[in-house]
Amino acid sequence: MPQVEISVNMVVKNEEEYIEKAILSTGGIAKEILIYDTGSTDLTPKIIEKLSQNLPIKLIKGNLSVDSARNVLLELSRGNWILILDGDEVWEEAEKLPELPVLNPDKIAFGFTFNHYLTSDKLAIRHKSKSIKLFKKTPGIHWINEFPNEILEDDKGILSTTNCPRTDIQTIWDLKFNHYGGIKKNQWRKEQPAKFHL
């Protein structure tokens with residue numbers, strides 16, 4: 001089996017709070033980290049540029065939709081495996097990810113459980129991911145549909161970890177990542193003025 005080389009693909013916008021932790025959580029296993037910034041107005045680009053001094057990061061700036069940006073990164077990726085990472089996701093034990101294709105040579109994609117944090121005091125809800133996070137770069141594989149309903153498909157059809165009959169996909173239960181985006185959304189809701197309807 002060829003050596004597993006992972007290209008990390010990230011599409012980000014205004015992720016200054018967690019972007020450094022996200023990148024560092026996978027930096028040790030990445031052949032390269034390709035990042036498409038869709039228009040950050042905070043410190044996200046500067047943080048990425050600082051990290052690029054010590055990590056193999058390529059930053060692209062543009063205004064494409066999330067699915068189109070993912071396809072650009074997929075096309076540019078030189079690794080034979082792709083890891084999808086959002087700017088508010090931090091992996092635990094990412095060093096185990098390159099082992100999965102070796103231990104499961106008949107699989108072309110993996111889904112994972114994750115902790116979805118709602119508050120900064122570590123209140124989390126455990127989820128089963130509905131999307132693939134690690135997949136093999138194969139001819140014909142691409143993203144369709146717009147965020148947040150983007151879907152990965154290849155010549156055999158849709159790749160999904162939920163209600164999918166394909167046998168070449170596997171959900172990994174004992175390796176997870178933490179998603180912190182819910183904290184920002186939850187805080188935003190609390191800060192909105194109350195609305196009254198007569």
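Just above, that's the structure.
All values reported here derive from a predicted model rather than from experimental measurement. (Residues numbered from 1 in each chain as written. Predicted model: local features only at pLDDT ≥ 70, side-chain atom pairs only at ≥ 80, totals over all residues. Heavy atoms only, no water.)

Colleague: Would you take a moment to explain the overall build of the protein for this structure?
Modeller: A tally of helices and strands in the protein yields five helices and 12 strands. When burial is assessed residue by residue, the protein has 49% of its 198 residues classed as buried. As presented, the protein carries roughly 11,100 Å² of accessible surface, and 51% of it is formed by carbon and sulfur atoms. (Helix = DSSP H or I, 4+ residues; strand = E, 2+ residues; numbered from the N terminus. Buried < 20%, exposed > 50% of the residue type's maximum accessible area, 1.4 Å probe, protein only. Areas by Shrake-Rupley, 256 points an atom, 1.4 Å probe, with all protein chains shown as cover.)

Colleague: Help me understand the environment of Asn178 in this model?
Modeller: Its place among the elements puts Asn178 in strand β12 (residues 169–179). Sequence separation between Asn178 and Trp91 is 87 residues, and the spatial gap between their C-alpha atoms is 6.2 Å. Those residues in contact with Asn178 that lie beyond four places of it in its chain are Asp88, Glu89, Val90, Glu92, Asn115 and Tyr117. Looking at Asn178, its side chain comes within polar contact range of the side chain of Glu92, at 2.9 Å. (Contact = heavy atoms within 4.5 Å. Polar contact = N/O pair within 3.5 Å; in protein donor to acceptor, adjacent residues only side chain to side chain.)

Colleague: Help me understand the pairing of strand β10 (residues 151–154), please; the structure alone is not making it clear to me.
Modeller: Residues in a regular strand project their side chains so that they alternate between the two faces of the sheet. Of the strand pairs in this sheet, strand β9 (residues 142–144) and β10 are connected by three bridges, and their pairing is antiparallel. Counted as the bridge partner of His142 is Glu153 from β10. As paired elements, β10 and strand β11 (residues 157–159) share three bridges and run antiparallel to each other. Bridging from a neighbouring strand, Asp154 pairs with Gly157 of β11. The turn joining β10 and β11, which pair antiparallel and follow one another in sequence, is formed by two residues. (Pairing = 2+ DSSP bridges.)

Colleague: Explain helix α3 (residues 66–76) to me, please; I cannot follow it from the model alone.
Modeller: The α-helix advances 3.6 residues per turn, and as a result positions three or four apart in sequence lie on the same side. Val66, Asp67, Ala69, Arg70, Leu73 and Leu74 are the residues of α3 that are buried. With its buried residues spanning 160 degrees around the axis, α3 presents them on a single face. Of the surrounding elements, those touching the buried residues of α3 are β1 (6–12), β2 (30–37), β3 (57–61), β4 (81–84), β8 (134–136) and β9. (Arc of directions from axis to C-beta.)

Colleague: What is the right way to read the nonpolar core from this model?
Modeller: Among soluble globular proteins, nonpolar side chains are generally buried collectively. Residues Ile6, Met10, Ile23, Trp91, Leu97 and Phe112 are the most contacted members of the largest nonpolar core, which totals 31 residues. For this core, the secondary-structure elements that each account for two or more residues are β1, α1 (19–26), β2, α2 (44–51), β4, β6 (109–117) and β12. A per-element tally of this core places β1 first, with four residues. Not counting the four nearest positions on each side in its chain, Met10 is found in contact with Ile19, Ala22, Ile23, Ile33, Leu34, Ile35, Tyr36, Leu73, Leu85, Asp86 and Gly87. If you look at the next biggest cluster of nonpolar residues, it comprises 12 residues, including Leu74, Ala109, Trp143 and Leu159. (Core = buried A, V, L, I, M, F, W, Y, C linked by side-chain atoms within 4.5 Å.)

Colleague: Where do I start with the sheet that holds β10 in this structure?
Modeller: Through backbone hydrogen bonds, the strands of a sheet pair up, either in parallel or in antiparallel fashion. Ordered by their spatial adjacency, three strands build an open sheet running β9-β10-β11, and the pairing between neighbours is antiparallel. Unpaired on one side and paired on the other, β9 and β11 mark the two borders of the sheet. Taken over all neighbouring pairs, the strand axes of this sheet differ in orientation by 45 degrees on average, direction set aside. (Axes fitted to C-alpha atoms, helices over the stretch in contact; angles between N-to-C directions.)

Colleague: Would you mind going over the environment of Leu100 with me for this structure?
Modeller: Its place among the elements puts Leu100 in helix α4 (residues 99–103). A relative accessible area of 9% places Leu100 in the buried class. Sequence spacing of Leu100 and Leu134 is 34 residues, and the spatial spacing of their C-alpha atoms is 9.3 Å.

Colleague: Would you mind showing me how to read the pattern of salt bridges here?
Modeller: As a working rule, side chains carrying opposite charge can pair if their charged atoms are close by. One pass over the structure, following the stated rule, counts 11 salt bridges. In this structure, the salt-bridge partner of Arg70 is Glu150, at a minimum N-O distance of 3.2 Å. Linking Arg70 in helix α3 with Glu150 in the loop between β9 and β10, this pair joins segments that are 80 residues apart in sequence. Taken together, the salt bridges that share partners define one network made up of Arg70, Asp86 and Glu150. (Salt bridge = Lys/Arg side-chain N within 4 Å of Asp/Glu carboxyl O.)

Colleague: Sorry if this is basic, but what is going on with the packing of α1 against α2 here?
Modeller: When two helices pack together, their arrangement is captured by the angle between the axes and the distance separating the axes. Contact geometry of α1 with α2 gives a least axis separation of 10 Å together with a crossing angle of 30 degrees. On the basis of their axis angle, the class for α1 and α2 is roughly parallel. Relative to α2, the crossing made by α1 is right-handed. Seen from α1, the contacting residues are Ile19, Glu20, Ile23 and Leu24; seen from α2, they are Thr44, Ile47, Ile48 and Leu51. Residues that form the contact of α1 with α2 fall into these classes: six nonpolar, one polar and one charged. (Parallel < 35°, antiparallel > 145°, perpendicular 65-115°, else oblique. Left-handed = near helix turned anticlockwise from the far one by under 90°. Nonpolar A, V, L, I, M, F, W, Y, C, P; charged D, E, K, R; others polar.)

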